[in-house]
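# Structural characterization, general
Listed below, chain by chain, are the residues.
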Amino acid sequence: MSGGWQHEDSDPFHAARCRSAPVTLAVPLSLPTPAPAPELGTAPAPAGRIPGSKAMWVGIFCEITEFALLFAVFFVARAHHPEAFHNGPEQLSLLAGTGYTLMLLTSGWCVARALHAMRRGQRGACVRWMVAGFVFGLGYPAIKIFELQRNFALGLDGSAGVFIVSYYYLTFTHLVHVFWGLLGMLWVIARTGLGAYTVEEHSGLEAFACYWHVTDMIWLMIFPLFYLLG
Amino acid sequence: MSPERKIDLAWLMLVLLSVGGAGIGSADGAGLGVAVVVSLVMAVKLRLVCTYFLELHEAHPRIRRAVLAFCHGMPILVILTTAFGDTLSSLTGALIG
């Protein structure tokens, strides 16, 4: 969330006026009419802003780079072992994979609604949406426990072949990022409840939302690779 | 339509596409055709998240371009590596040993 006001030091028109305007009493004093304040929650933000914070986007691009490398390894391994990857999805639980997807998408939806509630100044609704997002987010590790029990019962451990090893590498790395996200979500819920965010300033909440949505996006890439295509 | 309603509809579309995608996965068949369909579904889902959840259209152009390149690149790579798996295998053979 950012306001529509620009600081005078960064306004080139203001600087130009200061340099060229003669200082004389003959100049009629007239204050410029300020632009009308944007209606909260409905006006588009100025183009080119950084959602959340720069630091969070550095972290997000590190995450994207990490997964881009892991995806490259996946594609090379798949090219070298087409049979193993062709038969791989049959070994995994498609129900669990779909469950992860629905949990993360629903959690992301709740976080997006929480951000909009904050933009409208509805702090209570924001906390409730965030708590709902956390509960759905917890569904991901909960399903993971059941899936791992199933996999190990079927002998799908680290020695079960290149497909399963690739699967564990990518999904465990993603699980770590989900854990960071869940911890971050608890922090943001607490700060929202304590009134740390306002309609004007809630960049921390927005930064978290960006991280959570990118983590969600990465799962949307992992899911078809392992559960649908192989 | 309010922004909240757009988010709700985007979520509904994402759920439907995910369940539909699972249907594609459970169907018997493999190859380039399935890879193309799965990649298209993936691309639509990523675009929905980028637009309605991440609000990427409001972000700085460099952020927008980088994230969109990642999101568009993955479905394209899925199709290319399915179509040209043998070529990729021979190109990377020296690395794997």
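Above: the structure in question.
What counts, and at which threshold
- Residues numbered from 1 in each chain as written.
- Chains lettered and ligands numbered in written order.
- Predicted model: local features only at pLDDT ≥ 70, side-chain atom pairs only at ≥ 80, totals over all residues.
- Heavy atoms only, no water.
- Phe/Tyr/Trp six-rings, centres within 6.5 Å; stacked < 30°, edge-to-face > 60°.
- Helix = DSSP H or I, 4+ residues; strand = E, 2+ residues; numbered from the N terminus.
- Buried < 20%, exposed > 50% of the residue type's maximum accessible area, 1.4 Å probe, protein only.
- Lys NZ or Arg CZ within 6 Å of the ring centre and 35° of its normal.
- Contact = heavy atoms within 4.5 Å.
- Buried area = accessible area lost by both parts, 1.4 Å probe.
- Salt bridge = Lys/Arg side-chain N within 4 Å of Asp/Glu carboxyl O.
- Polar contact = N/O pair within 3.5 Å; in protein donor to acceptor, adjacent residues only side chain to side chain.
- Patch = residues over 30% accessible without salt bridge, like charges linked within 9 Å, V, L, I, M, F, W, Y side chains within 5 Å.
- Areas by Shrake-Rupley, 256 points an atom, 1.4 Å probe, with all protein chains shown as cover.
- 1 Å grid on protein atoms, 1.4 Å probe; cavity = no way out; pocket = protein on both sides within 12 Å on 5 of 7 lines; lining within 4 Å.
- Points joined across faces, edges and corners; volume = space filled by probe spheres on them.
- Nonpolar A, V, L, I, M, F, W, Y, C, P; charged D, E, K, R; others polar.

### Observations regarding the packing of aromatic side chains
Residues and elements named next belong to chain A. In total, this model carries 20 aromatic pairs over all chains according to the counting rule given. Ring centres 5.6 Å apart and planes at 25° place the aromatic pair Tyr168 and Phe172 in the stacked group. Here Tyr168 pairs with Phe172, and both are found in helix α6 (residues 162–193), just 4 residues apart, close to one helical turn. Note on Tyr168: relative accessible area 9%, which makes it buried. Across from the ring centre of Phe172, 6.0 Å away, lies the NZ or CZ of Lys144, which sits over that ring.

### Overview of the interface of chain B and chain A
On the chain A side, the residues contacting the 44 residues of chain B number 44 residues. In total, chain B and chain A occlude about 4000 Å² of area from one another, counting both sides; carbon and sulfur atoms represent 76% of this. One can count 4 salt bridges joining chain B with chain A. At the boundary of chain B with chain A, the tally comes to 13 residue pairs in polar contact (both at pLDDT 80 or more). Put simply, the parts of the chain that give the side of chain B that touches chain A at least two residues each are α1 (3–26), α2 (32–53), α3 (61–83), α4 (85–91) and α5 (93–96) of chain B.

### Side note on unusual backbone geometry
All names here are of chain B. We note that Glu55 has phi near 55°; this positive angle belongs to a residue other than glycine. Here Glu55 lies in the loop between α2 and α3. Taking relative accessible area as the criterion, Glu55 reaches 9% and is therefore assigned buried.

### Notes on a nonpolar patch on the surface
Residues and elements named next belong to chain A. A cluster of nonpolar side chains, Val176, Trp180, Leu183 and Leu186, forms an exposed patch at the surface whose accessible area comes to about 410 Å². With respect to the helices and strands, the residue Leu186 is situated in helix α6. For Leu186, a relative accessible area of 42% corresponds to the partly exposed category.

### A few points about empty space enclosed by the protein
One pass over the full model with this rule turns up 2 cavities of 30 Å³ or more. The calculated volume of the largest cavity comes to roughly 70 Å³. The wall of the largest cavity is formed by A:Leu220, A:Phe223, A:Pro224, A:Leu228, B:Gly21, B:Ile24, B:Val38, B:Val41, B:Met42 and B:Lys45. Of all the secondary-structure elements, those providing two or more residues to the lining of the largest cavity are α7 (203–229) of chain A together with α1 and α2 of chain B. The class makeup of the residues in the lining of the largest cavity is 8 nonpolar, 1 polar and 1 charged. Of the pockets and cavities examined, the second largest cavity occupies roughly 60 Å³. Contributing to the lining of the second largest cavity are A:Arg49, A:Pro51, A:Leu115, A:Glu206, A:Ala209, A:Cys210, A:His213, B:Phe53, B:Leu54 and B:Glu55. The element that contributes the greatest number of residues to the lining of the second largest cavity is α7(A), accounting for 4 residues. Split by residue class, the lining of the second largest cavity holds 6 nonpolar, 1 polar and 3 charged.

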